[in-house]
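# Breakdown of the fold
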Amino acid sequence: MRPTGAFPSTRMRRMRRDEFSRRLMRENVLTSNDLIYPVFVLDGSARTEGVPSMPGVERVSIDNLLRVADQALALGVPALALFPVIDAAGKTDGAEEAWNPEGLVPRTVQALKARFPELGVITDVALDPYTSHGQDGLIDPADPRGYVMNDETLEALAKQALCHAQAGADVVAPSDMMDGRIGRIRAELDAGGHIHTRILAYSAKYASSFYGPFRDAVGSAGNLGKGNKYTYQMDPANSDEAIREVALDIAEGADMFMVKPGMPYLDIVRRVKRELEVPTYVYQVSGEYAMLKAAAANGWLDERACAMEALLSFKRAGADGILTYYALDAARWLKDGD
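Residues numbered from 1 in each chain as written. Predicted model: local features only at pLDDT ≥ 70, side-chain atom pairs only at ≥ 80, totals over all residues. Heavy atoms only, no water.

This part takes up the side chain of Gln284. Mapped onto the elements of the fold, Gln284 is located in strand β11 (residues 280–284). Taking relative accessible area as the criterion, Gln284 reaches 1% and is therefore assigned buried. Residues within four places of Gln284 in sequence aside, it is in contact with Leu292, Ala310, Leu311, Phe314, Leu323, Thr324, Tyr325 and Tyr326. (Helix = DSSP H or I, 4+ residues; strand = E, 2+ residues; numbered from the N terminus. Buried < 20%, exposed > 50% of the residue type's maximum accessible area, 1.4 Å probe, protein only. Contact = heavy atoms within 4.5 Å.)

Attention shifts here to the nonpolar core. Ranked by internal contacts, the top residues of the largest apolar core, which has 105 residues, are Phe40, Leu65, Leu80, Leu112, Tyr283 and Leu311. Element by element, the count of residues in this core is highest for strand β1 (residues 35–42), at seven residues. For Leu311, the residues in contact, after removing those within four places along its chain, are Leu30, Leu35, Gln284, Ile322, Thr324, Tyr326 and Ala330. (Core = buried A, V, L, I, M, F, W, Y, C linked by side-chain atoms within 4.5 Å.)

Let us now look at the side chain of Arg186. Tracing the chain through its elements places Arg186 in helix α5 (residues 181–191). When sequence neighbours within four positions are dropped, the list of residues in contact with Arg186 reads His194, Ile195, Thr197, Ile199, Glu252, Gly253 and Asp255.

Here we come to a negative patch on the surface. Residues Asp140, Asp151, Glu152 and Asp179 make up a contiguous surface patch of negative charge. Here Glu152 shows up in helix α4 (residues 150–167). (Patch = residues over 30% accessible without salt bridge, like charges linked within 9 Å, V, L, I, M, F, W, Y side chains within 5 Å. Areas by Shrake-Rupley, 256 points an atom, 1.4 Å probe, with all protein chains shown as cover. Salt bridge = Lys/Arg side-chain N within 4 Å of Asp/Glu carboxyl O. Lys, Arg positive; Asp, Glu negative; His and termini not counted. Charge placed at Lys NZ, Arg CZ, Asp CG, Glu CD.)

Each regular strand displays side chains that alternate between the two surfaces of the sheet. When you tally the buried positions in strand β4 (residues 79–84), you get six out of six residues, the bulk of the element. By the bridge criterion, six bridges tie β1 to β4 in an arrangement that is parallel. Within β4, the position partnered with Val39 by the bridge is Leu82. Relative to strand β5 (residues 120–125), β4 is paired through four bridges, and the arrangement is parallel. Across the sheet, the residue bridging to Ala81 is Ile122, located in β5. Of the crossover connections in this fold, the one passing from β4 over helix α3 (residues 104–115) to the parallel β5 is right-handed. (Pairing = 2+ DSSP bridges. Right-handed = clockwise from strand over helix to strand, strands pointing away.)

Below, the structure is given as structure tokens:
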């Protein structure tokens, strides 16, 4: 630590005394440019469904999503992250619907880019919304352990990512945690002429207990049942492993790097940004959001103050962008002068 003066010649509270001087020495500032809004999209039209475990979050059909996108742009939120809700009939052991060019995600991307070409559109690349078993990859039906096959899954993910890029996605975001998937997807995109499609790698995605409400929202919780994802998502006890995972994804051609969840993993965000100096993103996941909502509903917390403090903590840790279900609310609060 640098040497500093001593009391009473040095008084740290001097700069905290007035609003103007607090603003002048503020080290981190949250803006709408830092926010990415995750959205859940349904097939059909004029459909809106609330997510009981995520108050304020809705699953919407494409026509209603266009209205949400219009709000996001008006508030200065630069991008949406799409998560599909696939009907049971579209879920199979082989997840073939994941790369259907007429599927829900490609149609959603096309609609968004046609109406709002300036809006960033990020698509999730993982198989769990499409598999009958709820895992992020393919399983050998003869394997009693139900172990997710790595290399076979890579081929499915590559087809899925290419399908999204062909539809017009600006960013594909592999969230599956298979080994080698960034390199395989980058090769597939480049071979297809999509050299400008960015890859947001979920590089440090932990096997967290904070994902429950999200799985309810996309409808994979019932398929997963009592299963888990411990054999491919990271152990919450590990930190060095996260740095190695990000470094591998750098080498394989990713452009942006995700830490997920957010608040319990601020130390990982800090390490990734400090040690690797890459564009670093964080996901304030469904469980984090639901906890704030529940506490606020019970009158235990000031929702606005605590949500904004949580988002600022991600910036302070080093995040360049934040996926949060609070994105639209936070952008409104910022406009109000929070």
